[in-house]
Amino acid sequence: MSIATLSDIDKQADRVLMVEVNEEATYVRHHQQKLVLVLSAMRHFADELIKDGIQVDYVCMDSDANTGSFSGEIKRALQRHQCDQLVVTEPGEWRVREMMQTWQRDLGITVDIRDDNRFLCSLAEFAQWADGRKSLRMEYFYRAMRQKTGWLMDGDKPVGGEWNYDKQNRKSLPKGMTYPGRLRFEADGITRDVMQLVKTHFSDHFGDLESFAWATSREDAQRALTHFIEECLPGFGDYQDAMKSGEDFLFHALLSPYMNIGLLDPREVCEAALQALEDERAPLAAVEGFVRQIIGWREYIRGVYWLHMPVYGRSNFLEAKRPLPDFFWTAETDMNCLRETIDTTRRHAYAHHIQRLMITGNFALLTSLAPAEVEAWYLQVYADAFEWVELPNTHGMALFADGGLLASKPYAASGAYINRMSDYCSGCRFSPGEKLGEGACPFNYLYWYFLISKEKLLKSNPRMGLAYRNLFNKPGAEIDAIVKQSEQFLKTLDQSNVQP
Ligand SMILES: Cc1cc2nc3c(=O)[nH]c(=O)nc-3n(C[C@H](O)[C@H](O)[C@H](O)COP(=O)(O)OP(=O)(O)OC[C@H]3O[C@@H](n4cnc5c(N)ncnc54)[C@H](O)[C@@H]3O)c2cc1C
Ligand code: SF4
């Protein structure tokens, strides 16, 4: 067993406790598919452990005596078994770590909280890397991780001479292109049981259940990895930032939920991509771009979270206060890009990175939605959402609520960017080419209004210089019109809180 908690298990003496608890299912109202994924994967894993001769004590969500919380279930388990030590892996959320830290005192048992060895960079190593640095830029962390792993390295130089091949990536989708599609996994008996449980207890949570197609066992997750490497990786880099109506997955991996819940180890995921490069089944730019997302972004985001919690999520640099509009739940909006992204999210508990960042994230940024409400939404609606990864991505990257700790400037964009990277605008009642007036794309005037209304907070940011120069070159009458139309839009958003 490679996970730290099980590395030295004594099959005769030790017992693995696995509990499904209501508190974890409802502290935010997770997407129905996320609940099925997590609970079914737990049940499949328990079966694997039992087949391996390990004693498992498994408490189902609907078992009568279930107290509904981790602490309550551990207390009950200690009454069932003679134990002198509790061994756990460090969790993915600050909230749960705080809970774990009370167990030794409250339950009177030694608690051993072990490092999560499924990450390549331990929290101590990250803290050491960050120590004394003025700014924590991902690119430098990524280079350190390349050196540490030796991946894509030629001695101490990057393979091919560059650390980062993004300038070869990020193309628009050519006309007539076909896409690999997602590998769908049929629900087996375990998953069907869990679907029934979710229908019974959590049917009021967001999201469709019937379109569930995630892998829930390690074996199936490995098949999803093979599918990605063979069918999608060659196109991954080129079309990483592209968006297309009706194509929910393009060349994306759909592997984050599996890595985040432990069905796949990020090392094996990267090694499979590196092997594809060696076998000339995928180009260097695609493989480098993919490996960077995992040993760069994924590890870096986790490091930032643990380095800055518990205060990280409390900042609100842009003083954003607006409540989350209802259409984030219903997808009922005339803005086609938002409708597509939210609808994909509802059907799959998934949207790819650019949809999360440049559609829903960009809208939330430009309209000053309250960070805590936006963060709660992201944590609920995505199958891969756990606070260590969701919070920095939303709070820092999408909303700039941390004032630039994670991103050097806000990811704010007008309709021109969305039009360039997608075909959404051709199916929209608004026009990305119109700047003002009834038919104008709201992202166009909201972008300038954002700069106007946040001038005091953003003008001194060196990376915002060009944007502000462009703003100050606008005639006063145009600025007045931008302000007027944006304020009208925001008023309608606040009043109806359904349809902009
Ligand atoms: C506002 C916002 C919220 C997000 N919330 C989450 C979240 O809750 N959970 C989550 O795992 N990712 C989150 N991300 C990052 C990223 O969008 C997802 O990891 C990605 O879309 C998952 O789909 P995929 O496996 O098809 O990824 P691909 O696009 O195929 O990328 C490959 C892998 O790289 C990793 N990765 C890429 N970018 C990031 C990143 N910024 N942070 C961490 N890992 C990354 C993921 O493990 C992913 O599986 C968020 C991004 C934004 C902008
Ligand atoms: S016109 Fe504007 S609102 Fe409509 S799809 Fe394009 S970017 Fe989105």
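Parameters at a glance
- Residues numbered from 1 in each chain as written.
- Chains lettered and ligands numbered in written order.
- Predicted model: local features only at pLDDT ≥ 70, side-chain atom pairs only at ≥ 80, totals over all residues.
- Heavy atoms only, no water.
- Helix = DSSP H or I, 4+ residues; strand = E, 2+ residues; numbered from the N terminus.
- Buried < 20%, exposed > 50% of the residue type's maximum accessible area, 1.4 Å probe, protein only.
- Polar contact = N/O pair within 3.5 Å; in protein donor to acceptor, adjacent residues only side chain to side chain.
- Contact = heavy atoms within 4.5 Å.
- Near = heavy atom within 4 Å.
- Areas by Shrake-Rupley, 256 points an atom, 1.4 Å probe, with all protein chains shown as cover.
- Nonpolar A, V, L, I, M, F, W, Y, C, P; charged D, E, K, R; others polar.
- Phe/Tyr/Trp six-rings, centres within 6.5 Å; stacked < 30°, edge-to-face > 60°.
- Axes fitted to C-alpha atoms, helices over the stretch in contact; angles between N-to-C directions.
- Parallel < 35°, antiparallel > 145°, perpendicular 65-115°, else oblique.
- Left-handed = near helix turned anticlockwise from the far one by under 90°.

(A) Representation of the side chain of Thr 216. Inspection of the secondary structure puts Thr 216 in the loop between helix 7 (189-202) and helix 8 (218-236). A residue is classified by how much of its surface remains accessible, and Thr 216, at 5% relative accessible area, is buried. Among the polar contacts listed, one links the side chain of Thr 216 to the side chain of Thr 191, at a separation of 3.3 Å. Ignoring any residue separated from it by four or fewer positions in sequence, one finds Thr 216 in contact with Leu 37, Ser 40, Ala 41, His 44, Thr 191 and Leu 263.

(B) Representation of the site of ligand 1. Ligand 1 sits among 29 residues. The nearest are His 252, Ala 253, Leu 254, Tyr 350 and Asn 393. Contact between ligand 1 and Ser 256: an oxygen atom at 3.1 Å from a main-chain N or O atom of the residue. With respect to ligand 1, the side chain of Arg 356 contributes an N or O atom lying 3.5 Å from a nitrogen atom. Starting from 820 Å² of accessible surface for ligand 1 in isolation, the protein chains cover 99%. If you list the elements that add at least two residues to the shell around ligand 1, you get helix 9 (256-261), helix 11 (284-308), helix 14 (353-366) and helix 16 (387-398). Class assignment for the residues of the shell around ligand 1 results in 17 nonpolar, eight polar and four charged.

(C) Representation of the packing of aromatic side chains in the model. Inspection of the entire model under this criterion finds 31 aromatic pairs. Ring geometry for Phe 228 versus Phe 290: centroids 4.7 Å apart, planes at 40°, classification tilted. With Phe 228 in helix 8 and Phe 290 in helix 11, the pair connects residues that are 62 residues apart, well separated along the chain. This pair shows no difference in class: Phe 228 is buried, exactly as Phe 290 is. When the centroid spacing of 5.8 Å and the interplanar angle of 80° are considered together, the rings of Phe 317 and Phe 400 count as edge-to-face. Here Phe 317 is found in the loop between helix 11 and helix 12 (327-330), whereas its partner Phe 400 is found in the loop between helix 16 and helix 17 (415-421), with 83 residues between them in sequence. Among the residues examined, Phe 317 registers a relative accessible area of 30% and is labelled partly exposed. Taking relative accessible area as the criterion, Phe 400 reaches 2% and is therefore assigned buried.

(D) Layout of the packing of helix 2 (residues 32-51) against helix 7. In the contact formed by helix 2 and helix 7, the axes pass within 9 Å of each other and the chain directions differ by 140°. Between helix 2 and helix 7, the interaxial angle falls into the category oblique. In this structure, helix 2 meets helix 7 at a crossing whose hand is right-handed. Facing Gln 32, Leu 35, Val 36, Leu 39, Ser 40, Arg 43, His 44 and Asp 47 of helix 2, the residues of helix 7 in contact are Ile 190, Thr 191, Asp 193, Val 194, Met 195, Leu 197, Val 198 and Phe 202. Partitioned by chemical class, the residues of the contact of helix 2 with helix 7 number nine nonpolar, four polar and three charged.

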